[in-house]
There are 2 protein chains.
Amino acid sequence: MTAYAAPLKDMQFVLNDVLQISKYSNLPGFSEASEDLVEAILEEGSKLAANVLHPINHSGDKEGCTRHEDGSVTTPKGFKEAYEIYKEGGWQGLSFDPEYGGQGLPYLIGVAVGEMVSAANMAFAMYPGLARGAAEAIYAHGSDEQKQKYLPNMISGEWGGTMNLTEPHCGTDLGLLKTKAVPQGDGSYKISGQKIFISAGEHDLTDNIIHLVLARIEGAPEGVKGISLFIVPKFRINEDGSLGERNGVSCGSIEEKMGIHANSTCVMNYDEATGWLLGEENKGLRAMFTMMNEARLGVGMQGLAISEVSYQNGAAYAKDRLQGRALTGPADPEKPADPIIVHPDVRRMLMDHRAFTEGARAWMYWSALYGDLVHKAEDDETRQKADDYMGLMTPILKAYLTDKGYAHATNAQQVLGGHGYIQEWGMEQFVRDARIAMIYEGANGIQALDLVGRKLPKDGGRAIMTFFAEIDEFVKDNEGNEELKPWLDGLSSAKADLTEATQWFMANAMQNPNNAGASSMDYLGLFALTCLAYAWAQMAKAALEKKESGDAFYKNKLITGKYFLDRILPEKTAHLAKVKSGSEAMMALDAEAF
Amino acid sequence: MTAYAAPLKDMQFVLNDVLQISKYSNLPGFSEASEDLVEAILEEGSKLAANVLHPINHSGDKEGCTRHEDGSVTTPKGFKEAYEIYKEGGWQGLSFDPEYGGQGLPYLIGVAVGEMVSAANMAFAMYPGLARGAAEAIYAHGSDEQKQKYLPNMISGEWGGTMNLTEPHCGTDLGLLKTKAVPQGDGSYKISGQKIFISAGEHDLTDNIIHLVLARIEGAPEGVKGISLFIVPKFRINEDGSLGERNGVSCGSIEEKMGIHANSTCVMNYDEATGWLLGEENKGLRAMFTMMNEARLGVGMQGLAISEVSYQNGAAYAKDRLQGRALTGPADPEKPADPIIVHPDVRRMLMDHRAFTEGARAWMYWSALYGDLVHKAEDDETRQKADDYMGLMTPILKAYLTDKGYAHATNAQQVLGGHGYIQEWGMEQFVRDARIAMIYEGANGIQALDLVGRKLPKDGGRAIMTFFAEIDEFVKDNEGNEELKPWLDGLSSAKADLTEATQWFMANAMQNPNNAGASSMDYLGLFALTCLAYAWAQMAKAALEKKESGDAFYKNKLITGKYFLDRILPEKTAHLAKVKSGSEAMMALDAEAF
């Protein structure tokens, strides 16, 4: 059976030594987030993850959710009890505005706790995760009345929430959506239509569920310009705040899926359900998109989280399983065989895993810090930079971390050999669960298109130029640091390749948009490697500064960082070559030839 | 729901135009294999695959196998009927020696049919596949009496067969195995012990199952030098050939696995079961290994097969699903949206798939031809070369094709977006089924070690030198062919990189065996890309010769071949860089630090 222990020391290293969050103590939220408090929060979070959430991860997968004839859905054994503990612990409101009952801590700290919750039990994490996303949309676009009505109960965890976008005939292309909204003259609308793939659409964890639903108001323009966003509570809310009558929304069925069995993926039927407009008429997509960055970062985080938990279990097996002898002679001659951790190829899988996971965590937390700064920084310049970075990094983090999370879960499974394929060992669940993150919240190919089609050219390329300038400054500032040189060189060469690829886009994508699409995914991969190189350079710098402490943690960080340069970063060259090959061979076949 | 149509034209292109098998009509088996007969066989095989085996692929996955209290195992609905059709069609003996009832056709043709069967229903294919492996071992190592006793019924498909290697504490390291064999003085042995992960260990498809079991004769040396191979029939066979008493072997349980649910993966308990030595005492591992090449090629084939069937279903969806508009303007303005095949990133996934699958098929069939030549070629030199090639190519094909088969099944699933994650669409089953092929029959890391530790240095590197000389000759012979130049250049540059990597091994692996282990998997990847480059160069040559025919098939082959050069081959550079980085960072961490 699997286990999970949050990598507290790694997390604190990133927060305190790399990002040095104490530097931001003048900002709201950060002022309360002293090193001690953060340590205590992460410690408590790790207990919740290890003792409450992870023990029901595998059983939840086996049992799955059950839909009853009346349309109600029961979550697996233990989920309701675990959710009560989560709710009572106040975890849902950790980084939410205190005005509505949140604790107002930095988003960054919420992300670190989110990593633990997702690693321990991804299917569980999605219930509060979706609710938080819905709450954030109401917070950003709701009227004061709407905020007062919905947010306190959503932030306390009393009520759940969902996002309803996809319909049977449209997922990526929301312009095709058919769900309609008919105004009732009293400010409310009757919503009718069918939504599919609605995560946490129906369940027994909360008394009410606040659905956010994209629909087209009767007579609205076709396409994406006629889509509005509505609040549709499962139970209407009475004047006094108590729950009123049941709304016309129900779960028609739940999907049988490859993984995340413990999360109910619902077909939701809206049959003249009463809803209220959230934000402006016909601007529903925009309202959805403003909160997309955080939702997509959250999915990227799932990739990182599954990578971490699968690593831990693969490594534990590799230290325990005796098979064969070290190539350099028996490591433990007393035993019938050596633990398989002595074998280079087993280490290759685990070191790949470490170099990715540790780098990705630093990069993700660095980005999450900008998620705070975008709202909280004191000067406009920093806020703009933060907004630019969030826009730029979100699709890269979402796609790369989920692709690699899946690949590394597969690697960890491979470490166990045949046992990795057997359900009771739990490794194959990580693979099945990780798989969805590459698809939902915008399939990874869409992320790549978002990167090259929107984020890159936005504001004349300001975001990437700012990022390049930051890298140059980092390299220059540390020029004399001989020990850091390998990382600085790696970072510089990655940036050079990325620059070349970016120039290729400028020269080739305008004249033929297919070139942009054709090379978008490899460009994203190259960009991600550059970000990881930057993350590792920053970590190496911080670790070098602490090396004298004698703590092996820092020495090991540098070894893993060196491994990143040797064994992960070289992939950039293949990405660059692919980018530059363009779209000709890719687009040449007639569609019927496929 | 999924469908499968065997890629007959691609198969015939490889057999007739690339390998030109009519050139071998002087050899046994090939003399009967006229182009017409082969076409007819493949045609019949494709009907079996499409109409009998694929329709029960998904239902078999959902239902799985059932073990009853008495230890018997029932296969899913329809499997027994399908097996009868398979058996009656004579498919099991297609390439087996006519002396025992086979049809004596080339192994190569058996491989092509095997591709169809595995693509249509991998879990089904394993039942006859395991039986064929056991029959081949008896054919290679059995006494005349044993061959007469077992082979006719195994080759007709009346009886099944299995391989029993793994025990709970040992899979890769068979030297640790504990199953014991006690001689009874009458030529028989009593076999006792437990074997795990025994595919097709117990089922209801055949009246008898012939288990081949590795065990240690009482008093035999420890380690791999004391292991013998035994024939242990489920039912003993009477003098007259009828089935006698039940032997002391039973299925203790069946595993719940990630995939291949329709194949029974059994814990097999041997409780003083009567067995007979197969081959020489204490030389059981060697007997196992002589048939390992074909078994491992068969697993590599599963990777290719799943890649093909998942491609077909991904491509069908991409042509059907309407979502978004082509980047260059609406492709089908009449419809509400364009089919997603217009999007470059969807094409990227499908073209990656094609370039791999078509190249891998040519490479696999080319290798299978040497599987025939090793026994059938008239001159010693060709037989030796064939033996060298089989030894060299087997681990590369096994590991690379299964890694990529899984990766491409994942890509095809991605094409379907959310639907790819839902069980009823069938795409996620391909991923789950494909996953096991990377693990069983020697985990892929073991294949890489076999390549660099045994196959590469064997006979002073004769095999690879012969292969390099063949590539040089091919390039030289075609030097004037301007249209072929891109493929010749790609092949030459791949060979140059592989040569550099090989020299790195010679210089660095002797002094530190960890260097060999550390870089084995990337070396294997680079080797595979070189083989694919050679396969594509041969296919491009054949397609160029037929280009004037006006058949779009050849034009499309060249486009896909060009895509291979643009988008797959560049990965070689990353592999080479990783190879040369060696083992230092990989091995530096203390085991406890993981």
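None of these values were measured; they are calculated from a predicted model.

Conventions and cut-offs
- Residues numbered from 1 in each chain as written.
- Chains lettered and ligands numbered in written order.
- Predicted model: local features only at pLDDT ≥ 70, side-chain atom pairs only at ≥ 80, totals over all residues.
- Heavy atoms only, no water.
- Helix = DSSP H or I, 4+ residues; strand = E, 2+ residues; numbered from the N terminus.
- Rg over C-alpha atoms; globule rule 2.2 N^0.38 Å.
- Buried < 20%, exposed > 50% of the residue type's maximum accessible area, 1.4 Å probe, protein only.
- Areas by Shrake-Rupley, 256 points an atom, 1.4 Å probe, with all protein chains shown as cover.
- Lys, Arg positive; Asp, Glu negative; His and termini not counted.
- Charge placed at Lys NZ, Arg CZ, Asp CG, Glu CD.
- Disulfide = S-S within 2.5 Å.
- Least-squares fit on C-alpha atoms with pLDDT ≥ 70 in both.
- Contact = heavy atoms within 4.5 Å.
- Salt bridge = Lys/Arg side-chain N within 4 Å of Asp/Glu carboxyl O.
- Polar contact = N/O pair within 3.5 Å; in protein donor to acceptor, adjacent residues only side chain to side chain.
- Buried area = accessible area lost by both parts, 1.4 Å probe.
- Nonpolar A, V, L, I, M, F, W, Y, C, P; charged D, E, K, R; others polar.
- Phe/Tyr/Trp six-rings, centres within 6.5 Å; stacked < 30°, edge-to-face > 60°.
- Lys NZ or Arg CZ within 6 Å of the ring centre and 35° of its normal.
- Core = buried A, V, L, I, M, F, W, Y, C linked by side-chain atoms within 4.5 Å.
- Patch = residues over 30% accessible without salt bridge, like charges linked within 9 Å, V, L, I, M, F, W, Y side chains within 5 Å.
- Axes fitted to C-alpha atoms, helices over the stretch in contact; angles between N-to-C directions.
- Left-handed = near helix turned anticlockwise from the far one by under 90°.
- Parallel < 35°, antiparallel > 145°, perpendicular 65-115°, else oblique.
- 1 Å grid on protein atoms, 1.4 Å probe; cavity = no way out; pocket = protein on both sides within 12 Å on 5 of 7 lines; lining within 4 Å.
- Points joined across faces, edges and corners; volume = space filled by probe spheres on them.
- pLDDT = per-residue confidence, 0-100.
- Expected span 1.5 Å × (residues − 1).

**Digging into the overall build of chain A**
At step 1: Within chain A, the secondary structure is distributed over 20 helices and eleven strands.
At step 2: Taken over C-alpha atoms, the radius of gyration comes to 24 Å for chain A, in line with the 25 Å a tight globule of 594 residues would show.
At step 3: Structurally, chain A occupies a C-alpha span of about 80 × 60 × 60 Å along its principal axes.
At step 4: Going through the 594 residues of chain A one by one, you find that 64% of them count as buried.
At step 5: Approximately 20,900 Å² of chain A is accessible, and the part contributed by carbon and sulfur atoms is 49%.
At step 6: Both charge centroids of chain A, one from 56 positive and one from 81 negative side chains, sit 3 Å from each other.

**Considering the state of the cysteines**
Residue and element names in this part refer to chain B.
At step 1: Using the criterion set out here, one finds zero disulfides over all chains in the structure.
At step 2: The thiol of Cys65 is unpaired, and the distance to the nearest cysteine sulfur, on Cys266, comes to 7.8 Å.
At step 3: A relative accessible area of 14% means that Cys65 is categorised as buried.

**Some remarks on the relation of the copies chain B and chain A**
At step 1: After a rotation of 180° and a shift along the axis of 0.0 Å, chain B superposes on chain A with an RMSD of 0.0 Å. Taken together, these values place the two copies in the relation of a two-fold axis. It is Ala574 of chain B whose C-alpha, among those of chain B, lies nearest the rotation axis, at 3.1 Å.
At step 2: The residues that chain B uses at the interface reappear at the interface of chain A in 100% of cases, marking a shared surface.

**Looking at the side chain of Arg435 of chain A**
At step 1: As for its placement among the helices and strands, Arg435 of chain A is situated in helix 13 (residues 427–437).
At step 2: No salt bridge is formed by the buried Arg435 of chain A; the nearest opposite charge belongs to Asp403 of chain A, separated by 6.3 Å.
At step 3: At 2.8 Å, the side chain of Arg435 of chain A and the backbone oxygen of Thr410 of chain B are in polar contact.
At step 4: Only 2.5 Å separates the side chain of Arg435 of chain A from the side chain of Gln413 of chain B, close enough to count as a polar contact.
At step 5: Once residues within four sequence positions are removed from consideration, Arg435 of chain A is found in contact with Met258 and Tyr406 of chain A together with Thr410, Gln413, Gln414 and Tyr421 of chain B.

**Digging into the interface of chain B and chain A**
At step 1: Counting residues at the interface gives 94 residues for chain B, matched by 94 residues for chain A.
At step 2: Here chain B and chain A share an interface that buries about 7,800 Å² over both sides, 60% of which is from carbon and sulfur atoms.
At step 3: The largest contributions to the chain B side of the interface with chain A come from Tyr421, Arg567 and Phe594 of chain B, which together make up 12% of the buried area.
At step 4: At the boundary of chain B and chain A, one finds six salt bridges.
At step 5: Across the contact surface, chain B and chain A share 57 residue pairs in polar contact (both at pLDDT 80 or more).
At step 6: Tallying contributions element by element places helix 17 (residues 513–546) of chain B first for the side of chain B that touches chain A, with eight residues.
At step 7: Taken together, the residues of the side of chain B that touches chain A sort by class into 43 nonpolar, 27 polar and 24 charged.

**Details of the pattern of salt bridges**
Residue and element names in this part refer to chain A.
At step 1: Applying the stated criterion to the full structure yields 72 salt bridges over all chains.
At step 2: Of the charged contacts, one joins Glu428 and Arg432 as a salt bridge, the two residues approaching to 2.8 Å between their closest N and O atoms. Separated by four residues within a single helix, Glu428 and Arg432 lie in helix 13, roughly one turn from each other.
At step 3: With a relative accessible area of 1%, Glu428 lands in the buried category.
At step 4: Relative accessible area serves as the criterion here: at 4%, Arg432 is assigned to the buried category.
At step 5: Beyond isolated ion pairs, a larger network of salt bridges with shared partners links Asp10, Arg354, Glu358 and Lys557.

**Here's the deal with the packing of aromatic side chains**
At step 1: In total, this model carries 55 aromatic pairs over all chains according to the counting rule given.
At step 2: On the basis of an interplanar angle of 85° and a centroid distance of 5.2 Å, the ring pair of Phe553 of chain A and Tyr554 of chain A is categorised as edge-to-face.
At step 3: Look at Phe553 of chain A and you get buried, because its relative accessible area is 14%.
At step 4: Ring centres of Phe356 of chain B and Tyr400 of chain B lie 6.4 Å apart, and the angle between their planes is 55°; on these two criteria the pair is classed as tilted. Of this pair, Phe356 of chain B sits in helix 10 (residues 344–376) while Tyr400 of chain B sits in helix 11 (residues 380–415), and the two are 44 residues apart along the sequence. As far as the burial class goes, Phe356 of chain B and Tyr400 of chain B line up, both buried.
At step 5: Across from the ring centre of Tyr139 of chain B, 5.3 Å away, lies the NZ or CZ of Lys147 of chain B, which sits over that ring.
At step 6: Sitting above the plane of the Phe289 of chain B ring, Arg454 of chain B keeps its charged end 5.6 Å from the centroid.

**Section: the nonpolar core**
At step 1: One finds Trp363 of chain A together with Trp363 of chain B to be the most contacted residues of the largest nonpolar core, which totals 427 residues.
At step 2: Once you skip the residues sitting within four places of it in the chain, Trp363 of chain B turns out to touch Met393, Ile396, Leu397, Tyr400, Leu401, Ala528, Cys531, Leu532 and Ala535 of chain B.

**Looking at a negative patch on the surface**
At step 1: Side chains of Glu35, Asp36, Glu39 and Glu43 of chain A sit close together on the surface and give a patch of like negative charge.
At step 2: On the secondary structure map, Glu35 of chain A appears in helix 2 (residues 35–53).

**Structural notes on the packing of helix 9 (residues 292–320) of chain B against helix 10 of chain B**
Residues and elements named next belong to chain B.
At step 1: Viewed as axis vectors pointing N to C, helix 9 and helix 10 meet at an angle of 150°, and their least axial separation amounts to 10 Å. The way helix 9 lies across helix 10 gives a crossing that is left-handed. Packed against helix 9, whose contacting residues are Leu297, Gly300, Met301, Leu304, Ser307, Glu308, Ser310, Tyr311, Gly314, Ala315 and Ala318, the element helix 10 presents Val346, Leu350, His353, Arg354, Phe356, Thr357, Ala360, Arg361, Met364 and Tyr365 at the interface.

**Observations concerning the packing of helix 4 (residues 79–88) of chain B against helix 6 (residues 122–141) of chain B**
All names here are of chain B.
At step 1: The geometry of helix 4 relative to helix 6 is characterised by a closest axis approach of 10 Å and an angle of 50° between their N-to-C directions. Viewed along their axes, helix 4 and helix 6 adopt a mutual orientation that is oblique. Pair helix 4 / helix 6 crosses with right-handed handedness. Residues Phe79, Ala82, Tyr83 and Tyr86 of helix 4 touch helix 6, and the partners they reach there are Phe124, Tyr127, Pro128 and Arg132.
At step 2: The residue makeup of the contact of helix 4 with helix 6, split by class, is seven nonpolar, no polar and one charged.

**Re empty space enclosed by the protein**
All names here are of chain B.
At step 1: Counted according to the given criterion, the structure contains five cavities of 30 Å³ or more.
At step 2: Estimates place the volume of the second largest cavity at around 50 Å³.
At step 3: In this structure, the second largest cavity is lined by Ala362, Trp363, Trp366, Met393, Phe467, Cys531, Tyr534, Ala535 and Gln538.
At step 4: Counting residues per element, the ones that place at least two in the lining of the second largest cavity are helix 10 and helix 17.
At step 5: With four residues, the top contributor of residues to the lining of the second largest cavity is helix 17.
At step 6: Its residues assigned to classes, the lining of the second largest cavity shows eight nonpolar, one polar and no charged.

**Some remarks on the environment of Ala50 of chain A**
At step 1: Relative to the helices and strands, Ala50 of chain A resides in helix 2.
At step 2: In the structure, Ala50 of chain A is positioned 272 residues away from Leu322 of chain A in sequence and 27 Å away in space, judged by C-alpha atoms.

**Focus on the confidence of the model for chain A**
At step 1: The predicted model of chain A averages 96 in pLDDT, with 100% of residues at 70 or higher.
At step 2: Across the predicted assembly, pTM comes out at 0.97 and ipTM at 0.97.

**Digging into the side chain of Asp97 of chain B**
Residue and element names in this part refer to chain B.
At step 1: Turning to its location among the elements, Asp97 is positioned in the loop between helix 4 and helix 5 (107–120).
At step 2: Only 2.5 Å separates the side chain of Asp97 from the side chain of Tyr139, close enough to count as a polar contact.
At step 3: Beyond its immediate stretch of four places on either side in the chain, Asp97 contacts Gly102 and Tyr139.

**Observations concerning helix 9 (residues 292–320) of chain A**
At step 1: Helix length check: helix 9 of chain A, at 29 residues, gives a terminal C-alpha distance of 42 Å against a target of 42 Å (1.5 Å per residue), a fit within 8%.
At step 2: Judged by how many residues are buried, helix 9 of chain A sits mostly within the fold: 23 of 29 residues are covered.

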